[in-house]
Every structure is written in structure tokens, then in C-alpha cells.
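# Observations on the three-dimensional arrangement
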Amino acid sequence: MSKNKRKADIGKNIFVGVICTILIVYSLSLLLVLAWGFLTSLKSKLDFVVFGNIVNLPSLEWSKTEFLKFGNYTNIFKDFKINSSVDYFVGDMPVGHESTDNIGSMLLNSIVYAVIGALEHSFIPAIMAYMCAKYHCKISAFLCSLVIVTMAIPIVGNYPSMITTLRALNIYDSYLGLIIMRFNFGGMYFLVFHAFFSGLSNTYSEAAEIDGASQLRIMTTIIMPLAIKIISTVFLIQFVQLWNDYRTALIYMPTHPTLSYGVYYLSIGTNKGTFAFVPAKTAACMMLAIPILLLFIFFKDKIMGNVTIGGIKG
């Protein structure tokens, strides 16, 4: 019996060791890429392109300004701009939008886009999931089934119809159109919230009902505060996802470029001069990655931790 147990422990230790080794190697690969990107962003065009210093540290002989004064970052802040324009029709009326955005306005657009989208993707599914878990009726069952079905069915080619609808309502290329477009409760996190609220004891709401609290007050002052950990976790995850999303801004907000849109604009190779070379492009990528890295460092326990709620004393 002891030999079998010893063999099982050895096999378990080997399995855990292999998994840990794979995770360590994977983590190191990500950190090495991040370190390479940061060092490359401190190199000059001459150092990186002409003399082929791709892997080594920046050479002070050729990259002194970039290395000591963050020259590539300074150039992006001072000189990088995106000129955007879009023309379309609202019925028979032609509409045209134009804009010129520097890195500051792109950063502001990124913050607004990511914050508004993350709030919608966290609170709206939470409210709908609470209503479906609280009130057991045919509508609740239908909504839960609808979420699962829409997740299972691949929706392909909806971009043209969405753009046509937004243009017909004259809310295309605006934050209002984006807010309305994001105003939905479908997706995986609806199911996560539904499972959370289904497992939440009714004692909280029943005690408030006895004291005369309305359903709205119960939801806003009792239930949502109990779910604030999981809501904030979903908010952070969605914020990270939207911060790196360039496609939505490119399609639905062409004259409101975000920082990720700017990085994409640099990567497609249409730029000339300083921004056509890898060090400047890498500096822009690092400007996009560093805020998310700092966000993860400060909120890693909230993102990765378990969601817990207080118990009820009998």
C-alpha cells in the first residue's frame, strides 16, 4: 500500500514539475520579448538598422540621445499624428468627418473607449443576470437560453449591417453609437454573474424587504455591493481587452483613433521618415503595453484571486 502511495506521489510530483517548468518557460518568453521591446525602443535608427544591433544593449556611440533622453518616445509625443476622414450618406444627405489626432488625443480616446466599454460589459450583464436569477419565470429562462444560443451560433459578416444601421441613425463615427452598440448583456460573463447570483442567499434581500426596501434599493445597495469583487474583476479584464482593441475603432470610429489604432497605423508600414523604422514603432508598442503591465502589477490579486462573499450568521 505504501509503495503504491509512494509511486502515486512521485507521479504527481513529476506532473507538477513538468507543468511548472512549462509555465516558467512561457513566462520567461513573454518577459524576454517585453525586455527586448523596451531596449529596442531606446535604440536609434542608425544603431538598429545600419549597424544591425538587434539583440544587444543600445550602443551609446549611436543611441546616446535615444537611450538617455528617450528620444523615440519624445518624437512620438511631438511629431506623430494621424489624419483621418470618412464620408458617407444618411439617407440622401452626405456626411463627412475629418480629424487630426496626436498621441495625447489618441490616449484620451483609448481611456474613454476602454472605460465606457468595460463599464457596459460588467454592469449590464450583472444587472440582467441578477434579474434572471432573482425572478424565476419564462422570460428569465428565455433570456438565459438566448445568451447560450447566441454564444454557440457563429455570427459572421455582421459588420456591414451594423455600419449601415449606425449610419442610417446618424450615430456612426461617434461615442453615442459605440455606447448603444455595446449596450448588450450577452456573452460568457452573463453566465458567470448568473451562477454567482443563483448561489447568493435570499436572506439579504428578504431582510431588506421586511424593513420596507424596494426592489431597486435592494439591488443597488445590497446585492451589487456584495458582487462588487466579481464586477470589478470583469471590469479590469474587459478594460485590458478593449485597451488593446484597434479593430473596433478602425471600423466604427475612423476619426476617433485610439492608441492601439495608432500602433496599428505604425505597423502597416505607410509611414515615412523616423516612424518607418522598428525602434520608433517599438516605442509606440511599449507606450501601449506599459499601462496594462502596471495595471496588472497593482491589481493582479483582484484579477487572479478568488471571489468570496461574507457569510450569514444563524
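Notes on the structure follow. (Residues numbered from 1 in each chain as written. Predicted model: local features only at pLDDT ≥ 70, side-chain atom pairs only at ≥ 80, totals over all residues. Heavy atoms only, no water.)

Before going further, it helps to examine the overall build of the protein chain. Helix and strand counts for the protein chain come out as 15 helices and two strands. Computed over the C-alpha atoms, the radius of gyration of the protein chain is 25 Å, more than 25% above the 20 Å expected from 2.2 N^0.38 for a compact globule of 314 residues. Dimensions of the protein chain along its principal axes, counting C-alpha atoms only, are 80 × 75 × 40 Å. Here the protein chain, with 314 residues, has 35% of them falling under the buried criterion. (Helix = DSSP H or I, 4+ residues; strand = E, 2+ residues; numbered from the N terminus. Rg over C-alpha atoms; globule rule 2.2 N^0.38 Å. Buried < 20%, exposed > 50% of the residue type's maximum accessible area, 1.4 Å probe, protein only.)

Judged from the 10 bridges that link them, strand 1 (residues 81-90) and strand 2 (residues 93-102) form a sheet pairing that is antiparallel. Looking at the pairing, Asp87 lines up with Gly96 of strand 2. Linking strand 1 to strand 2, which pair antiparallel, is a turn of two residues; within it Gly91 sits at a positive phi near 70°. (Pairing = 2+ DSSP bridges.)

With that out of the way, let us pick up the packing of helix 5 (residues 103-134) against helix 8 (residues 175-182). The geometry of a pair of packed helices is captured by two quantities: the angle between their axes and the separation between those axes. Remark: helix 5 packs on helix 8, axes separated minimally by 10 Å, with the N-to-C direction vectors making an angle of 25°. Put simply, helix 5 runs roughly parallel to helix 8. By crossing handedness, the relation of helix 5 to helix 8 is classed as right-handed. Contact residues: Asn109, Val112, Tyr113, Ile116, Glu120 and His121 in helix 5; Tyr175, Leu178, Ile179 and Arg182 in helix 8. The class makeup of the residues in the contact of helix 5 with helix 8 is six nonpolar, two polar and two charged. (Axes fitted to C-alpha atoms, helices over the stretch in contact; angles between N-to-C directions. Parallel < 35°, antiparallel > 145°, perpendicular 65-115°, else oblique. Left-handed = near helix turned anticlockwise from the far one by under 90°. Contact = heavy atoms within 4.5 Å. Nonpolar A, V, L, I, M, F, W, Y, C, P; charged D, E, K, R; others polar.)

We now examine a nonpolar patch on the surface. Taken together, Ile10, Ile14, Phe15, Val16, Val18, Ile19, Ile22 and Leu23 make up a surface patch of nonpolar side chains, about 740 Å² in accessible area. Mapped onto the fold, Val18 is located in helix 1 (residues 2-40). With relative accessibility at 43%, the residue Val18 sits in the partly exposed group. (Patch = residues over 30% accessible without salt bridge, like charges linked within 9 Å, V, L, I, M, F, W, Y side chains within 5 Å. Areas by Shrake-Rupley, 256 points an atom, 1.4 Å probe, with all protein chains shown as cover. Salt bridge = Lys/Arg side-chain N within 4 Å of Asp/Glu carboxyl O.)

This next bit is on unusual backbone geometry. One non-glycine residue, Phe70, lies in the positive phi region at around 50°. Here Phe70 lies in the loop between helix 3 (60-69) and helix 4 (71-79). A relative accessible area of 37% means that Phe70 is categorised as partly exposed. One non-glycine residue, Asn170, lies in positive phi territory at about 60°. As for its placement among the helices and strands, Asn170 is situated in the loop between helix 7 (159-168) and helix 8.

All chains considered together, the criterion is met by two salt bridges. In this structure, Lys134 engages Glu209 in a salt bridge whose closest nitrogen and oxygen atoms are separated by 3.9 Å. Linking Lys134 in helix 5 with Glu209 in helix 10 (residues 203-210), this pair joins segments that are 75 residues apart in sequence. With a relative accessible area of 23%, Lys134 lands in the partly exposed category. When the shortest N-O distance is used, the salt bridge between Asp245 and Arg182 registers 3.7 Å. Of this pair, Asp245 sits in the loop between helix 12 (228-243) and helix 13 (247-252) while Arg182 is found in helix 8, placing the two residues 63 residues apart along the sequence. For Asp245, a relative accessible area of 15% gives the class buried.

One recurring pattern in soluble globular proteins: nonpolar side chains tend to sit buried together. Grouped together as the largest cluster of nonpolar side chains are 41 residues, with contacts concentrated most on Ile76, Phe80, Phe239 and Trp243. Among the elements that line this core, the one with the most residues is helix 15 (residues 278-304), at eight residues. With sequence-adjacent residues up to four places away left out, Ile76 is seen in contact with Ile103, Phe275, Ala280, Ala283, Ala284 and Met287. Of all hydrophobic cores here, the second largest spans 26 residues; its members include Cys132, Ala133, Val147 and Phe196. (Core = buried A, V, L, I, M, F, W, Y, C linked by side-chain atoms within 4.5 Å.)

No statement about biological role is implied by the geometric values presented.
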